[in-house]
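Chain and residue survey
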Amino acid sequence: MQKDVIKNWLFTANECIQEKKDFLSELDRAIGDGDHGVNMSRGFAEAVQKIRDNEPADVAGLMQTVAMTLIAKVGGASGPLYGTAFLKAAAYLKGKADVTVRELGEAFKESVIGIKQRGKAEPGQKTMVDVWEPVVEKWLSYDGAVDFDELRALAEASLEKTKDLEATKGRAAYLGKRSIGHLDPGAYSSYLLFDALFNELKGVKA
Ligand code: ADP
Ligand code: MG
């Protein structure tokens, strides 16, 4: 795929995040401090603006711009975590003019490793890792064509599963068992990113 696919994804993802800004903050009000929507909305709006003003030359450049913006502009846990995710993907894709679906999956595998290291989190702790890890593992499990509808369904199912989990990482961990029964905000924003991505990739040849 050419960089336009990734650019379109980032633009669409930004629109989804702006649309769900209040809902993301509402989720965070239930088990955190209520700023996740504001954080994500500010970070992505700024990243998209940077891309519009000064378009990077390739996919790695786009990812790098998002990473640096999120790290600089988003306070809270999610800024550095998403920043790391995009930074790791950028490093993996550096120098590639054309990126295959497989390579993008491999780049996001690096993102998963980065998020887990940075947040010291494992799956099952009610964080964004609960969406990122299963989705990327499944992505890399395909030998041939990637089934993007299946991946979208998995992202959604993985998000839903965070409802029944007790948070043991991040701010929500202070609530202990009272965090059970609520979706994790970072898992929701991760689902939004993947949903937009798989929609975009459906029309793309590997
Ligand atoms: P903060 O919690 O600092 O207010 P946000 O509200 O923007 O930051 O983001 C909260 C989200 O960040 C959580 O819902 C969770 O998905 C994710 N998160 C928090 N801590 C961690 C961690 N240690 N590892 C992975 N993800 C985390
Ligand atoms: Mg918060």
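In case you missed it, the structure is sitting above this.
Position labels on residues start from 1 in each chain and follow its written sequence. Here every chain gets a letter starting at A, and every ligand a number starting at 1, in the order they are written. The predicted origin of the model limits local features to residues at a pLDDT of at least 70 and limits the giving and counting of side-chain atom pairs to 80 or more, whereas totals for whole chains, interfaces and linings rest on all residues. The side-chain values count all of the structure's non-hydrogen atoms but skip hydrogen atoms and water molecules.

**Considerations on the environment of P123**
- In this text, helices come from DSSP runs of H or I with a minimum length of four residues, and strands from runs of E with a minimum of two, each type numbered from the N-terminal end. Note on placement: P123 falls in the loop between α6 (101-119) and α7 (129-141).
- Placed ten residues apart in sequence, P123 and E133 show a C-alpha to C-alpha distance of 7.3 Å.

**Here's the deal with the coordination of the magnesium ion (ligand 2)**
- The donor definition counts N, O and S atoms within 2.8 Å of each metal and applies 3.2 Å to Na, K and Ca; water is not among these atoms, so some sites may look incomplete. For the magnesium ion (ligand 2), the protein coordination sphere consists of D28 (OD), D33 (OD) and D35 (OD), at 2.0 to 2.2 Å.
- Only protein chains enter the accessibility calculation, which uses a 1.4 Å probe. A residue is then buried if its area is under 20% of the maximum for its type, exposed if over 50%, and partly exposed in between. When its relative accessible area of 39% is taken as the criterion, D33 is described as partly exposed.

**Some thoughts on α6**
- An ideal rise of 1.5 Å per residue puts 27 Å on 19 residues; α6 measures up with 27 Å between its terminal C-alpha atoms.
- Residues of α6 that are buried make contact with α1 (3-19), α4 (59-73), α5 (78-93), α7, α8 (148-161) and α9 (185-201).
- Looking one or two residues beyond α6, the residue adopting positive phi is K120, at roughly 50 degrees. Expected helix span is computed as 1.5 Å times (number of residues minus one). Contact between two residues is taken to exist if any of their heavy atoms lie within 4.5 Å; hydrogens are not considered.

**Some thoughts on unusual backbone geometry**
- Phi at K120 is positive, roughly 50 degrees, even though this residue is not glycine.
- Structurally, K120 is set in the loop between α6 and α7.
- Look at K120 and you get exposed, because its relative accessible area is 65%.
- With a phi close to 65 degrees, K126 is a non-glycine residue in the positive phi region.
- Within the secondary structure, K126 sits in the loop between α6 and α7.

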